[in-house]
Structure formats: structure tokens, C-alpha cells
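An overview of the molecular structure
Next come the chains, spelled out residue by residue.
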Amino acid sequence: MSRFWPLIAAYVVLLVTVGSVIEAPTASLGAYLLAGLPALPLVGIIIFLALYLFEETDEFLKVRMVEALLWGLGAILVVSTVWGFLEFLAGAPRLPLHWLFPIFCVAMGLADLLARWRYR
């Protein structure tokens, strides 16, 4: 878990910095490159999750992490599908896609907490 906090900090710093540099959405190449920068630490988090699964020797902890990852992915699929139907058919406001990763992390964290409680 200690590998994640520097990436979370980098994500927050990049998000705030890039958000202040790009004041209005533009379609220039530079704006696209800058706007993509905050996603790089999130890619690092996904890589660290995969590395954790390869490095972990305790099969129980591995299975618990895979279970949490599956719950997180399931939450994202449900939220994005249901909200997509609400947007398309009922005129709900657009859900910004950059919220999907934080929703995934919250769902995965809650699933891990429940698993820790269940297997105590």
C-alpha cells in the first residue's frame, strides 16, 4: 500500500496544476497532452495492483485482492451502464468519465474492508 500514496499525491498535484494551467477546454495538441497528465499516476496504480498480484506469495491475500478488484470493476460496470441508460433515455446529466476511477477505488476499498471483516 505504501507504493500508492506517492501516486495519489502526484495525481492530486497534477490535477490541480493542469486544471489551473488549462483555464478553458481547447482542442490543441498541447491541451490534450496536458489534460492527459493526471491519468499517468492512475495508470501507475493499476500497474502496482498487477505487480502486487504477481509478487504476493500468500494465496489467501491474493484471492482477497482479486475479489476486491472484481467488486470494484463490477461497481464501475453497473454505475456506468445504469447512468448511461439514465442519460440516454431519461435526460440525466452527463456523468464525467474521470469519476470512474475514484468510484472503482472506493468500491474496491469497501470490498476489501468487508472481506477483512468476513475473514477475521
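A few points on the structure. Just so it is clear, the structure is predicted and the values come from calculations on it, not from any experiment. (Residues numbered from 1 in each chain as written. Predicted model: local features only at pLDDT ≥ 70, side-chain atom pairs only at ≥ 80, totals over all residues. Heavy atoms only, no water.)

1. Some remarks on the nonpolar core
Here is the rule we go by: We call a set of buried residues a nonpolar core when its members are Ala, Val, Leu, Ile, Met, Phe, Trp, Tyr or Cys and they connect through side-chain atoms within 4.5 Å of each other. Each residue gets one of three labels from its accessible area relative to the maximum for its type: buried under 20%, exposed over 50%, partly exposed in between, using a 1.4 Å probe on protein chains only. Think of it this way: any DSSP run of H or I at least four residues long counts as a helix, any run of E at least two long counts as a strand, and we number them from the N terminus. Contact definition: two residues touch when any of their heavy atoms are within 4.5 Å.
Within the largest apolar cluster, 15 residues are counted, with the highest numbers of intra-cluster contacts made by Leu42, Ile45, Leu49, Leu69, Phe101, Phe104 and Met108. Among the secondary structure elements, those contributing two or more residues to this core are helix H1 (4-21), helix H3 (39-55), helix H4 (59-90) and helix H5 (100-118). In terms of residue count, H5 provides more of this core than any other element does, 5 residues in total. Contact partners of Leu49, with chain neighbours within four places excluded, come to Phe4, Met65, Leu69, Phe104 and Met108.

2. Some remarks on the pattern of salt bridges
Our working definition: Whenever a carboxyl oxygen of Asp or Glu lies within 4 Å of a side-chain nitrogen of Lys or Arg, that contact is scored as a salt bridge.
Inspection of the entire model under this criterion finds 4 salt bridges. The closest approach of N and O atoms between Glu67 and Arg118, which form a salt bridge, is 2.5 Å. In this pair, Glu67 is assigned in helix H4 and Arg118 in helix H5, connecting sequence segments 51 residues apart. Among the salt bridges present, the one from Asp112 reaches Arg116, with a minimum N-O distance of 2.9 Å. Of the two residues, Asp112 and Arg116 both sit in helix H5, 4 residues apart, roughly one turn of that helix. What emerges from the salt-bridge pattern is a single network uniting Arg64, Asp112 and Arg116.

3. Looking at a nonpolar patch on the surface
Definition in use: Every patch collects residues that have over 30% relative accessible area and no salt bridge, joining them within 9 Å if they carry like charges and within 5 Å if they are nonpolar side chains (Val, Leu, Ile, Met, Phe, Trp, Tyr). Areas reported as accessible are Shrake-Rupley estimates using a 1.4 Å probe. Residue values count occlusion only from the protein chains shown.
A grouping of Val43, Ile47, Leu51 and Phe54 is seen on the molecular surface, where their side chains present a nonpolar patch of about 400 Å² in accessible area. Tracing the sequence through the fold places Val43 in helix H3.

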